[in-house]
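# Structural overview
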Amino acid sequence: FYYGMDTATSTGTYVEAILQNLSGLSSFDVLIVGALFVALVGFGLVAGRTRLIALLFALYPAALIFPWLPGGVADFLGIEGERNVAVMDLSLFVLLVAVFHLALYRHVEPSSSFGDSLSFFEGVLLGVTGVILFLAFYYHLLALTALYDFGLSLDVLFTQLVSFFWWLIVPLAALFLVARR
């Protein structure tokens, strides 16, 4: 009995900490996160619900394979400088996501349970899911701080290794929730 109360209290405290950290975001951080959200929702509205879901699902296998790519690719291609290496890493990750997106989309029929029209709720949920996944991968998979370094508020939310697990599971649950409709 006490364990349940303690869990509820710690969950409430964690949600309060998230809200407090989000209130401390810089305006440029909000602009970047907002632009990513709008881009994802716009992609879903233009390309369809099926493509957006396949794109977000494609992030998971790309994230599994990306760390196994040889680290000497930058040296092999003659790329120097921290910023250029970060652009190359991001490009390789986007290429992996595109390959997995095409592979997943080939096996998902638009006339299946996914449908192709994107409702407002689904657009918001999938947009938030994509933003969470991008931030989780930004902090734990890709070394992109040379391109842009988010503020302390997002650092506190996403840098802990334990929270990385939850930042991957919660979007996955949201994807399955929307995909099952």
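Each residue is numbered by its place in its chain's sequence as written, counting from 1. Under the rules for a predicted model, residues below a pLDDT of 70 receive no local features and side-chain atom pairs below 80 are neither given nor counted, while totals for whole chains, interfaces and linings still include all residues. Values reported for side chains reflect all heavy atoms of the structure, with hydrogen atoms and water molecules removed beforehand.

### Comments concerning the overall build of the protein
The condition that has to hold: Runs of H or I in DSSP of at least four residues are treated as helices and runs of E of at least two as strands, each being numbered from the N terminus. Think of it in three bands: with a 1.4 Å probe and only protein chains considered, a residue is buried below 20% of the maximum accessible area for its type, exposed above 50%, and partly exposed in between. Contacts between residues were defined by any pair of non-hydrogen atoms, one from each residue, lying within 4.5 Å. To measure how exposed things are, a 1.4 Å probe is used in the Shrake-Rupley method; for residues, cover is taken only from the protein chains shown.
Scanning the protein from N- to C-terminus turns up eight helices and zero strands. For the protein, the sequential pattern of α-helices and β-strands runs α-α-α-α-α-α-α-α. The buried share among the 181 residues of the protein stands at 36%. At a minimum sequence separation of 6, the contacts of the protein that also span at least 24 residues come to 79%. Of the roughly 10,900 Å² of accessible surface on the protein, a fraction of 71% belongs to carbon and sulfur atoms.

### Focus: the nonpolar core
Nonpolar side chains in soluble globular proteins generally cluster together in the buried interior. Inclusion rule: Residues enter a nonpolar core if they are buried and are Ala, Val, Leu, Ile, Met, Phe, Trp, Tyr or Cys, with the set joined through side-chain atoms within 4.5 Å.
Grouped together as the largest cluster of nonpolar side chains are 39 residues, with contacts concentrated most on Phe93, Leu126, Phe137 and Phe158. Contributing elements (two or more residues each) for this core: helix H3 (49–65), helix H5 (82–106), helix H6 (120–140), helix H7 (152–158) and helix H8 (161–179). Excluding anything up to four places from it in sequence, Leu126 contacts Leu52, Ile53, Leu56, Leu118, Leu175 and Val178.

### Some thoughts on the pattern of salt bridges
In plain terms, the rule: Each reported salt bridge corresponds to a side-chain nitrogen of Lys or Arg within 4 Å of a carboxyl oxygen of Asp or Glu.
Here the structure, examined in full by the defined rule, presents one salt bridge. The shortest N-O distance in the salt bridge between Arg49 and Glu122 comes to 3.1 Å. Taken together, the residues span a long stretch of sequence, with Arg49 in helix H3 and Glu122 in helix H6 at a distance of 73 residues. According to the relative accessible area criterion, Glu122 is buried, its value standing at 3%.

### Comments concerning the confidence of the model for the protein
Close inspection of predicted coordinates is inappropriate for parts of the model with low pLDDT. Let me state the cut-off plainly: Summary of the metric used: pLDDT quantifies the predictor's per-residue confidence within the range 0 to 100.
A residue-level look at the protein finds 78% of positions with pLDDT of 70 or above and a mean pLDDT of 82. Residue range residues 1–7 is modelled with pLDDT below 50. Its contacts to residues more than four positions away, or to other chains, number zero contacts.

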